[in-house]
Amino acid sequence: METTSISASSKSNRAIVAAIEAGYYADTLGNIYRPNGDVQIQCKRSGYYCFNTNKTITGHRIRLWSHRFLAAHFFGTEVLLHACVRHLDGNRSIIASKI
């Protein structure tokens, strides 16, 4: 299977990379933090946790799926080159159960 560079991938993947580069980070419990250290508020959409970036990252607000951000944060942005990030336990709402 051929992969493309992250710069040529989806807007969401580019925003995840931009968020990491801007200083967003996570702890092993799955909490996501803004660059200033404040906890990033997460919402739940379709059973998945997500959060909105600060508009300065991408020029406007964009919703990021928390599980994809966490995978990129802990395992490196190369995971974004693959089609999916799996929930090994099948539970969409437990975002850090396998970290």
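Heads up: the structure comes first, above all this text.
Just so it is clear, the structure is predicted and the values come from calculations on it, not from any experiment. (Residues numbered from 1 in each chain as written. Predicted model: local features only at pLDDT ≥ 70, side-chain atom pairs only at ≥ 80, totals over all residues. Heavy atoms only, no water.)

Here we look at the pairing of strand S4 (residues 48-52)
Next up, step 1: Looking at chain direction, strand S3 (residues 43-45) and S4 are connected through three bridges and run antiparallel. Counted as the bridge partner of Arg45 is Tyr48 from S4.
Next up, step 2: Relative to strand S5 (residues 63-65), S4 is paired through three bridges, and the arrangement is antiparallel. Each residue of the ladder has a partner; that of Asn52, found in S5, is Arg63. (Pairing = 2+ DSSP bridges. Helix = DSSP H or I, 4+ residues; strand = E, 2+ residues; numbered from the N terminus.)

Section: the nonpolar core
Next up, step 1: Core analysis: the largest hydrophobic core is formed by 16 residues, its most contacted members being Ile16, Ile32, Phe51, Leu64 and Phe69.
Next up, step 2: Looking at this core, the elements with two or more residues in it are helix H1 (11-22) and helix H3 (66-75).
Next up, step 3: If near-sequence neighbours (up to four positions away) are discounted, Ile32 is found in contact with Tyr25, Ala26, Asp38, Val39, Gln40, Gln42, Phe51, Ser66, Phe69 and Leu70. (Core = buried A, V, L, I, M, F, W, Y, C linked by side-chain atoms within 4.5 Å. Buried < 20%, exposed > 50% of the residue type's maximum accessible area, 1.4 Å probe, protein only. Contact = heavy atoms within 4.5 Å.)

Structural notes on the sheet that holds S3
Next up, step 1: Ordered in space as S3-S4-S5, the three strands form an open sheet in which the pairing is antiparallel. The strands lining the two open edges of the sheet, one partner per strand, are S3 and S5. Averaged over neighbouring strand pairs, the angle between their axes works out to 45° when direction is ignored. (Axes fitted to C-alpha atoms, helices over the stretch in contact; angles between N-to-C directions.)

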